[in-house]
Amino acid sequence: MNKTNPSSTQPSIILSVQRFFCQLFNHTSMRSKLVFLYVSSLIIIISLMVLVVQSMGYGILEQQTTAQLTALAASKASQISSLMEQDYERTNLIASRTQMRDSLIAFSSSGGNQSASRERIMDIIMDASASVDSIRNIDILNTQGIIVASTSIPRVNQDLTEDLSFKTGLTGRYQSDFFWDPLDRPYYFYSMPLHHTFSTDENPPQVIGVLRVELSLERLMAVLSDHTGLGQTGEIILVSQDNGQILALNPLRNSEHVPSQPLSIATAMPYDNGIQWDEQVSFSYVNTIMAYSPIDLEHHTWGIITSVSTEEMTAPYQTLFQYFILFTIALLIFGSIAILAGIRNSFINIEKLLEGARLFGNGSLDHRIELAQKDELGKLADSFNDMAGKLKEIQDQMMHLSFKDQLTGLGNRRFYEEELIRLDTPRHLPLTILMGDVNGLKLTNDAFGHSTGDELLRQAAAILREECRKQDIVCRVGGDEFILLLPNTTENEVNEMIFRIKNKLGQTKVANIDLSISFGYDIKAHAKLHIQEILESAEEKMYSNKLSESKAMRQKTIEVILNSYFQDRAERRHAHGVAALCEGMGKALNLSTERLSLLKTAGLLHDLGNIAIDPSLLQQKNPLGEKDWSEIKRHPEIGYRILSGASEYQEVAELLLGHHEHWDGTGYPRKLKGEEISIESRIIAIAEAYDTMTHDQPYSEAMANQEAVDELKNQSGKQFDPALVSLFVYKVL
């Protein structure tokens, strides 16, 4: 088996690279060769200079900063150690108080009955606490772990048998880790044994209790808060590492508040990975330089972390480095200008190509590149020109589409705004602005769907376009709003135009609905008039006319909807059947004539919303899916929207909206419950259910009367009002 020596492949790779560049130079112009060689050499030289300067500068700064941080950490560690030693000496001084120990002996001997001894102990520790600012609390425990005296009265008689301070304090001096109280103030404590005042060589010291002294870390915090020499981002942190857990105490800069364990999680990774806990070290972590110095303690591993951000450390150097970069860039530009100026005259055609490409990029697609030579550069220029011509055609098509309303083919709002600026000149005066609003569009959409509403808009647009002159501008600027800009048009002429348009609209129907538009206009007769005032006046007149015209149009549209609703024979029979049952219920309840008439009308129109539902869903024989069932459940809301727009049908609309609500609140659409549902809607629900069950449906055969009655009773209190079901069964049927 042949084996390839890796070292033998290196010359072949070098030769391949050399051949590549030779072929490249053989097929490029002299200018390209010169520019390539010059720029490549300059870039390599500048890159090497930048790398050398940056590496040397960063290395020196990092060494200096590390040395400063290490010295500062050692200094802070020494200060902390000294302060804690002072705290221990003060604690030891308290433990040596003979009167306090004698009083504790007397108190313990009496079985805790000598209150005078306890009061004497309290006085002694109170005086001791008041004399030292750093003492937070002093506890005196007996050998059973009970606090017999404390500067914090509520702590007296507490049992600390299982507390670490008691267990360790019985056998010798113990200094705790640091903790945070509920107010986020850090503290630690010393505990040590209290010995009998009488001891000899024959009688070694006898432990009579434990002294526990809580000490504030405020003095230590003051040391940590002094960030002198650390700039704006430097931090000094006291850390403790015990039992695999890291605690950190860090006074935040520019803040007097010290959060509880602010860095206990965030700093765990760098501390675990970077610190040898028993020696002084320095390390880097996430754009930060740090130094660590241990604090000499007997029971715990504490240390000081000093840190500063790399960004601040390098800020002065960055400024010098930026100036250096700018200087090298200036050299590059100057050299490039000198080289290009010397060979520019030899490459005039290339300059023309570059200029043409720049103009094309800026959108000047009408520009053409003209070259005398018909060589490769001439062919490239021809390609540029062909491309620009095709792009110009595409641009014109897109511009045309951006000014057109896609539904009607009329101008859109953007086109209207552009044309308004163009026509607002003296030579087009008098300039008439005619605004129109299609009546009944929303009602048509609700009843017959948006496809019918769209056809209504298309027919209206076609009529407006037919009745306008060539110079007139017709635009659709909203869902149902049109604006006509009529230059050089008088009041008589615009009134004649409105007459022709309305006459044509009256002859046009969409889904048996009359086409109607409310108009309003105003005329800018003088150049001093502001066009915005003319627009506002035309709009006010249009809405004023719409108030009087839309009501009649709405009534006509509702009549068309009702006629369409009753064209289906089965729907008509069902509607009249429900209406008759509702009338019977109303009479049984002794409703007034007005309410009885309202109930009967609502029963007749209860399924009006089905007019906008796909008929195939209503005739579906198989069980409906969730999506289809959700569609059918829209019919109460659709019926409500159709009728609520007419004042004479508003009460009926409310009854339609609620006739599928259930007595137990599980109905739709509003999940009403009990008497939250109007009594008329509850009656319609029972009547509709009974009529539906006792007649053949596409999905089921008719039930016998007794079966239907049993089903009503079964749903009494669930779907139906139980009192009304009983009345319906025994009084109406």
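Rules of the game
- Residues numbered from 1 in each chain as written.
- Predicted model: local features only at pLDDT ≥ 70, side-chain atom pairs only at ≥ 80, totals over all residues.
- Heavy atoms only, no water.
- Pairing = 2+ DSSP bridges.
- Helix = DSSP H or I, 4+ residues; strand = E, 2+ residues; numbered from the N terminus.
- Axes fitted to C-alpha atoms, helices over the stretch in contact; angles between N-to-C directions.
- Buried < 20%, exposed > 50% of the residue type's maximum accessible area, 1.4 Å probe, protein only.
- Salt bridge = Lys/Arg side-chain N within 4 Å of Asp/Glu carboxyl O.
- Patch = residues over 30% accessible without salt bridge, like charges linked within 9 Å, V, L, I, M, F, W, Y side chains within 5 Å.
- Areas by Shrake-Rupley, 256 points an atom, 1.4 Å probe, with all protein chains shown as cover.
- Lys, Arg positive; Asp, Glu negative; His and termini not counted.
- Charge placed at Lys NZ, Arg CZ, Asp CG, Glu CD.
- Contact = heavy atoms within 4.5 Å.
- Nonpolar A, V, L, I, M, F, W, Y, C, P; charged D, E, K, R; others polar.
- Core = buried A, V, L, I, M, F, W, Y, C linked by side-chain atoms within 4.5 Å.

Peer 1: Tell me what's going on with the sheet that holds strand β17 (residues 517-524), and back it up with residues and numbers.
Peer 2: Whether parallel or antiparallel, the strands of a sheet pair through hydrogen bonds between backbone atoms. Taken in spatial order, the four strands of this open sheet run β13-β14-β12-β17, and their pairing is antiparallel. The strands lining the two open edges of the sheet, one partner per strand, are β13 (473-476) and β17. On average, each strand axis in the sheet is tilted by 15° relative to the strand beside it, whichever way the strands run. The pairing of β13 with strand β14 (residues 481-486) spans four bridges and is antiparallel.

Peer 1: Just give me the short version of the pairing of β13, but keep the residues and values in it.
Peer 2: Neither face of β13 is exposed, since I473 and C475 on one face and V474 and R476 on the opposite face are all buried. Hairpin connection from β13 to β14: four residues lie between these consecutive antiparallel strands.

Peer 1: Describe in detail the pattern of salt bridges, supporting the description with residues and values.
Peer 2: Where charged atoms from two side chains of opposite charge come close, those side chains can pair. A full pass over the atoms with the stated rule returns 25 salt bridges. Close ionic contact of R634 with E631 constitutes a salt bridge, the shortest N to O distance being 2.7 Å. Classification of R634 as partly exposed rests on a relative accessible area of 32%. Each of R136, D139, R155, D181, R185, R212 and E214 takes part in a single network of salt bridges with overlapping partners.

Peer 1: Explain a negative patch on the surface residue by residue, including any values.
Peer 2: The grouping of E533, E536, E539 and E540 at the surface amounts to a negative patch. Relative to the helices and strands, E536 resides in helix α16 (residues 531-565). Look at E536 and you get partly exposed, because its relative accessible area is 40%.

Peer 1: Talk me through the packing of helix α13 (residues 441-448) against helix α14 (residues 450-466); I want residue IDs and the actual numbers.
Peer 2: Running from amino to carboxyl end, α13 crosses α14 at an angle of 145°, the nearest separation of the two axes being 7 Å. Across the interface between the two elements, L441, T444, N445 and F448 from α13 touch H450, S451, T452, G453, L456 and L457 from α14. For the contact of α13 with α14, the class distribution of residues is four nonpolar, six polar and no charged.

Peer 1: Lay out the nonpolar core with the relevant residues and their values.
Peer 2: With 52 residues, the main nonpolar core has I138, I140, L211 and I304 as its most contacted residues. Ignoring any residue separated from it by four or fewer positions in sequence, one finds I140 in contact with M100, L104, I121, I125, I146, I147, V148, A149, L194, V210 and L211. Core analysis: the second largest hydrophobic core is formed by 47 residues, F566, I684, F728 and V729 among them.

Peer 1: I'd like a description of the environment of M290, backed by residues and values.
Peer 2: Tracing the sequence through the fold places M290 in strand β10 (residues 288-295). Under the relative-accessibility criterion, M290 is labelled buried at 10%. C-alpha separation for the pair M290 and T65, spaced 225 residues apart in sequence, amounts to 9.2 Å.

Peer 1: Just give me the short version of a nonpolar patch on the surface, but keep the residues and values in it.
Peer 2: Together, L320, Y323, L326, I329 and I333 make up a nonpolar patch on the protein surface, roughly 550 Å² of accessible area in all. Mapped onto the elements of the fold, I333 is located in helix α9 (residues 315-343).

Peer 1: Got a sec to walk through unusual backbone geometry? Specific residues and values, please.
Peer 2: Residue P430 is reached from L429 by a cis peptide bond, and omega for that bond is -5°. Mapped onto the secondary structure, P430 falls in the loop between α12 (413-423) and β12 (431-438). With omega at 10°, the peptide bond leading from Y668 into P669 counts as cis. Among the secondary structure elements, P669 is positioned in the loop between α22 (650-658) and α23 (679-693). Located in the positive-phi region is N488, a residue other than glycine, with phi close to 55°. Structurally, N488 can be placed in the loop between β14 and α15 (491-506).

Read these as layout, nothing more, since geometry by itself doesn't imply function.
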